[in-house]
Every structure is written in structure tokens, then in C-alpha cells.
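# Structural description and commentary
Take a look at the letters that make up each chain.
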Amino acid sequence: MTFLRRNLPALACLLAGALFFAFGVARGEQFVVFTKAVNLCLECIGIG
Amino acid sequence: MGREKGNPRLWVQAGWTALTNGYLSGFAKGKIYRGPLKNYCVPGLSCYSCPGALGACPIGSLQAVLGSRNYRFAFYVLGFLMMAGAVLGRFVCGWLCPFGLVQDLLHKIPLGKKLRRLPGEKALRLLRYVVLLGLVILLPLYVVDFVGQGQPWFCKVICPAGTLTAGLPLVARNDGLREAVGWLFAWKNLVLAVLVVLSVILWRPFCRYLCPLGAVYGIFNPIAFRRFRVEERACTSCGACQRACKLDIPVWKEPNSPDCVRCGECQRACPHNALEQLGLWTKKVANDLTTQEE
Ligand code: SF4
Ligand code: SF4
Ligand code: SF4
């Protein structure tokens, strides 16, 4: 069995994941991640 | 565990943790890193409010986007998880997660009788899907305040990685935070304490029962590039693999179980070399008709 056929579901997920990721960047979702990640997360600490 | 001798896993885990949580001055000052790397998720459960963290936690990020009033779907984080899952599956758990490393080290403490499973193990292992669906997805999406903003419920009421690597060091070094702690902090510390004690006698209780990130990666285990294959002609069903597995997985029957964290101990224990780990680099597999991957 060839590498491609054996790994078709993984390749499909990889491609779909890359498209999701790019679409998320286009919508600006990474700014929400960045803003949350550079400010103290009170919920993580156990205060919020 | 004589078989673990020479296993590079611990070194890879430690090296990766040092790399992704290596902002040392954060620990010294009791402050977190605020640079551009925080745009990107790391693959394991690594709290972005840990003073050493250089990247973003994917589960925290998922809740942040779903809870944001501007978005109802998290393409950016899900896309990252799909890519990591497709390539590695739960190999991330075995090799690249700081909180997995913490539990591994706790289990090395030679105290108490080591258990392989708890009563009701099968049902307990389903809890992580409930945590994923309820606390990480549905509550942040639907329990919102008057401006439409949701909260990261998993971080708030459970996550022991947040308590250990963010809560404790930051509260220890900041007077203001120390004054603000209350019952929630006490509750999260109780969850952490139970898991710490349990980790000494049971391998990776948080990963088995509660971790939503492990639940996500486990879904990819059967299809990931990084997966197991059993050479059926070589396998005698002797069960040596299952006996070596600290999660008690019948590897010869179920090589790609969603519980498997790809630690590799079963493969090392097989006396017939019947287990093979496939990866991105595996071009050709011999005797495909006599193998089992599901
Ligand atoms: S509290 Fe836990 S889930 Fe939340 S950001 Fe921190 S490590 Fe991630
Ligand atoms: S199950 Fe969660 S905590 Fe455990 S190793 Fe995987 S990502 Fe880390
Ligand atoms: S099945 Fe093998 S690789 Fe998976 S957790 Fe058990 S011993 Fe580790």
C-alpha cells in the first residue's frame, strides 16, 4: 500500500486543519488568543 | 521499571518543557511573558499564565475564542488541533506535554501500592469527553454575560495545570493576588492535591479521566501518521504488551486506542517485535494483508 493511500484520513485532516487555521487567521481569531495569553488569566489562577 | 532504562522519553519531555516554558525571568519577577510568540498554541496542556510560558495553551485558547462575543466557532485553534492530531495524535501526551511530565515524575515516587486501574475505570475514562463538551465547548459558548462574553469554565473550575504552574507561583509572588484568593482558589487546589496524590499510585489520572486535550488527540489516534501497527504473523497474543502498559490497554487487539499516549513501553516489551510505530517517514509497510491498525 502506498504512503498516500495508507494515510489518506490523516492527510485529509491535515489539509482541513490548515484551511481552518488560515480561515481563523483571516477572521482575526489569533488576536483573541494573543490578548488572552498576554494578560493574567484569573480563571487559570483560580481567582476569576 | 527496568524497561524504561535508556528510554529517551523523559529527556524529550523535559527538553520540550524547558523550551516552551523557558521564560525564566518570569518566575523571578512573578510576571508572564507578553511577546509575539503568545499568538501561537503549543501542542500540550501548558498554561499561558505560567510565568515561564512562551506560547498559548490550546484548551485555554479554544475557550477564549468560543467565549468571545465576536465568534461562535474557533477555526484558528481547531485548525491547529487538527494538524497536531493528524500528525501526532496522543504522541503529544506521551512526549510533549508539561503536565504529562509532572504526573510521570510523581508516579516515580516509590510510595504505596501502584494501581493499574480504579473501580469503574471504563466509565471514568469517558468523563474527559463530558469535560470537553460541557466545560470547554458548551458552557463558554452559551453561558454568557450581558455583553455576550462567556468564561473559560474548564480553567475556572478544574484545570490543575493552571493551578500548579500559574496559580501557585503567581499567588506566591504577588501581594495583590494573595489578597484576592477565595473559595475558588481553595477548590482548585483541592482538585490539584487529589490528582497529585493519585498520580503517585496510579499512572496519569488526569490524562485518563479528565483532560479535554487528551480527549481531542485520542480521536485522532486511529488515523494519525504516528500510529501503531500489529504484525499479526509475529504476534502470539501473549499479552506482554498489555502487562507493560501502565494504562492496561490490550495493545495487540486495540493498537490505536484513544487512551494510548504513545509512550512506547508496549513496543519495547513485545518479545516478538510485533508492534511497529508508523510515522511520517514510514514509506513502505511490508505484509499489509497480515497487519492490524484499528
Ligand atoms: S488553566 Fe489550564 S486550560 Fe486554562 S489556559 Fe491554563 S493550562 Fe490551559
Ligand atoms: S492528556 Fe492532557 S495533561 Fe495528559 S499529557 Fe495529554 S494533553 Fe497533557
Ligand atoms: S499502549 Fe503502549 S504506547 Fe500506548 S500507553 Fe500503553 S504502553 Fe504506552
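Residues numbered from 1 in each chain as written. Chains lettered and ligands numbered in written order. Predicted model: local features only at pLDDT ≥ 70, side-chain atom pairs only at ≥ 80, totals over all residues. Heavy atoms only, no water.

### Focus: the site of ligand 1
Spelled out, the test is: One heavy atom within 4 Å of a molecule or strand is enough for the residue carrying it to be called near that molecule or strand. Helix and strand definitions follow DSSP, with helices as H or I runs of at least four residues and strands as E runs of at least two, each counted in order from the N terminus. The residue classification treats Ala, Val, Leu, Ile, Met, Phe, Trp, Tyr, Cys and Pro as nonpolar and Asp, Glu, Lys and Arg as charged. All others, Gly included, are polar.
Around ligand 1, the surrounding shell consists of A:C44, B:C47, B:Y48, B:C57, B:I59, B:G60, B:F154, B:C155, B:C159 and B:G162. More than one chain approaches ligand 1, the contributing ones being chains A and B. Put simply, the parts of the chain that give the shell around ligand 1 at least two residues each are α3 (58-67) and α8 (153-157) of chain B. Looking at the shell around ligand 1 residue by residue, the classes come out as eight nonpolar, two polar and no charged.

### So, the interface of chain A and chain B
To keep things clear, this is the line we draw: Every residue pair with non-hydrogen atoms within 4.5 Å of one another is taken to be in contact. When two parts are brought into contact, each loses some accessible area as probed by a 1.4 Å sphere; the total of that loss over both is the buried area. Salt bridge criterion: a side-chain nitrogen from Lys or Arg within 4 Å of a carboxyl oxygen from Asp or Glu. Think of a polar contact as two N or O atoms within 3.5 Å of one another; within protein, one of them needs to be a possible hydrogen donor and the other a possible acceptor, and neighboring residues in sequence only count if both atoms come from side chains.
On the side of chain B, 58 residues touch chain A, which itself brings 37 residues to the contact. Here chain A meets chain B over a buried area of about 4,000 Å², counting both sides, of which 71% is carbon and sulfur. One can count zero salt bridges joining chain A with chain B. Joining chain A to chain B, the criterion identifies 13 residue pairs in polar contact (both at pLDDT 80 or more). Taken together, the elements giving at least two residues each to the side of chain A that touches chain B come down to α1 (3-6), α2 (8-26), α3 (29-38) and α4 (42-45) of chain A. Considering each element in turn, the side of chain A that touches chain B owes the most residues, 13 residues, to α2(A). When its residues are assigned to classes, the side of chain A that touches chain B shows 24 nonpolar, eight polar and five charged.

### A look at the state of the cysteines
Going by this rule: For this text, the term disulfide refers to a pair of cysteine sulfurs within 2.5 Å. Only protein chains enter the accessibility calculation, which uses a 1.4 Å probe. A residue is then buried if its area is under 20% of the maximum for its type, exposed if over 50%, and partly exposed in between.
Scanning all chains against the criterion turns up one disulfide over all chains. A sulfur-sulfur distance of 2.4 Å marks the disulfide that ties A:C41 to A:C44. Torsion about the S-S bond of the A:C41 and A:C44 cystine: about 80°, corresponding to right-handed handedness. There is no split in this pair, since A:C41 and A:C44 are both buried. Counting only cysteine sulfurs, B:C241 is the nearest neighbor of B:C235, a cysteine outside any disulfide, at a range of 6.5 Å.

### Observations regarding the pattern of salt bridges
If you walk through the whole model with that rule in mind, you get 14 salt bridges over all chains. The closest approach of N and O atoms between A:K36 and A:E43, which form a salt bridge, is 3.2 Å. For A:E43, a relative accessible area of 13% gives the class buried. Two residues, B:E231 and B:R229, come together in a salt bridge whose shortest N-O distance is 3.2 Å. Classification of B:R229 by relative accessible area gives buried; the value is 4%. If you follow the salt bridges from partner to partner, you end up with B:E121, B:R125, B:R128, B:R208 and B:D259 in one network.

### Points about the domain arrangement of chain B
All names here are of chain B. Note the following rule: Start and end points for every domain follow an automatic or database-based domain assignment.
Its domain assignment divides chain B into domain 1 (2-219) and domain 2 (225-294). With centres defined by C-alpha atoms, the gap from domain 1 to domain 2 works out at 28 Å. Contact residues are listed per partner, giving 24 residues for domain 1 and 19 residues for domain 2. Surface buried jointly by domain 1 and domain 2 totals about 2,000 Å² across both partners, of which 46% is contributed by carbon and sulfur atoms. Linking domain 1 to domain 2 there are four salt bridges. Measuring nitrogen to oxygen at the nearest pair gives 2.9 Å for the salt bridge that ties R116 to D248. Taken together, the elements giving at least two residues each to the side of domain 1 that touches domain 2 come down to α4 (75-88), α5 (91-95) and α7 (121-142).

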